[in-house]
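Single-letter residue listing:
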Amino acid sequence: MVLLTNENLVKEAYKAREFAYSPYSKFKVGAALLTKDGKVYRGCNIENAAYTPTNCGERTAFFKAISEGKKEFEKIAIVGHFDNVKEEDRDYCAPCGVCRQVMVEFCLAKEFEVIIAKGEDDYKIYTLEELLPLSFSNENLS
């Protein structure tokens, strides 16, 4: 297994962002999800004129991985901004509540890392538990 640095995972998220379909908001998001076995799944946001069918980049990455049989994840890097914003004016792009809920379905909240970046070498790292305290998961159903 090749060890992927946080910086390289952020670069993968930027590559995913290039494929974003965001004709309405113009806000492009890319995500790179690292599995426990070292594979990276990229995802981008995909908007829809009806809004509700829109899918975030984070969920796209998770759904791609899960649809290929992967269910053990280590971390995800997320980038998102408008094209016309200079790097020094960007902000960190945190996952929405729905994406956080999808993450907690498949990840250990205390261990899973969420990297939010506004540049390839400017990022913050949180655990999923920090971003989604008191979460509702399959543990609540047993």
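The coordinates are above.
Keep in mind that what you see is a predicted model, and the values were worked out from it rather than measured.

What counts, and at which threshold
Residues numbered from 1 in each chain as written. Predicted model: local features only at pLDDT ≥ 70, side-chain atom pairs only at ≥ 80, totals over all residues. Heavy atoms only, no water. Core = buried A, V, L, I, M, F, W, Y, C linked by side-chain atoms within 4.5 Å. Buried < 20%, exposed > 50% of the residue type's maximum accessible area, 1.4 Å probe, protein only. Helix = DSSP H or I, 4+ residues; strand = E, 2+ residues; numbered from the N terminus. Phe/Tyr/Trp six-rings, centres within 6.5 Å; stacked < 30°, edge-to-face > 60°. Contact = heavy atoms within 4.5 Å. Polar contact = N/O pair within 3.5 Å; in protein donor to acceptor, adjacent residues only side chain to side chain.

### Brief notes about the nonpolar core
Point 1. Ranked by internal contacts, the top residues of the largest apolar core, which has 24 residues, are Leu33, Phe62, Ile76, Met103 and Phe112.
Point 2. Mapped onto this core, the elements with two or more residues apiece are strand S1 (27–35), helix H2 (57–67), strand S3 (73–82), helix H3 (97–106), strand S4 (113–119) and helix H4 (128–131).
Point 3. Counting residues in each nonpolar core, the second largest holds 10 residues, with Leu9, Val10, Ala32 and Ala77 among its members.

### Some details on the packing of aromatic side chains
Point 1. Tallied over the entire structure, the rule returns 4 aromatic pairs.
Point 2. Aromatic pair Tyr24 and Tyr51: ring centres 6.4 Å apart, planes at 70°, arrangement edge-to-face. In this pair, Tyr24 is assigned in the loop between helix H1 (6–17) and S1 and Tyr51 in the loop between strand S2 (40–44) and H2, connecting sequence segments 27 residues apart.
Point 3. The exposure class assigned to Tyr24 is partly exposed, which follows from its relative accessible area of 41%.
Point 4. Considering the side-chain rings of Phe27 and Phe82, the 5.0 Å spacing of their centres and the 75° angle between planes classify their relative orientation as edge-to-face. Linking Phe27 in strand S1 with Phe82 in strand S3, this pair joins segments that are 55 residues apart in sequence.

### Quick word on the environment of Asp122
Point 1. Looking at the secondary structure, you find Asp122 in strand S5 (residues 122–127).
Point 2. For the pair Asp122 and Glu88, spaced 34 residues apart in sequence, the C-alpha to C-alpha distance is 9.9 Å.
Point 3. With residues near it in sequence (within four places) discarded, Asp122 still touches Tyr92, Ile116 and Ala117.
Point 4. For Asp122, the side chain forms a polar contact with the side chain of Tyr92, separated by 2.7 Å.

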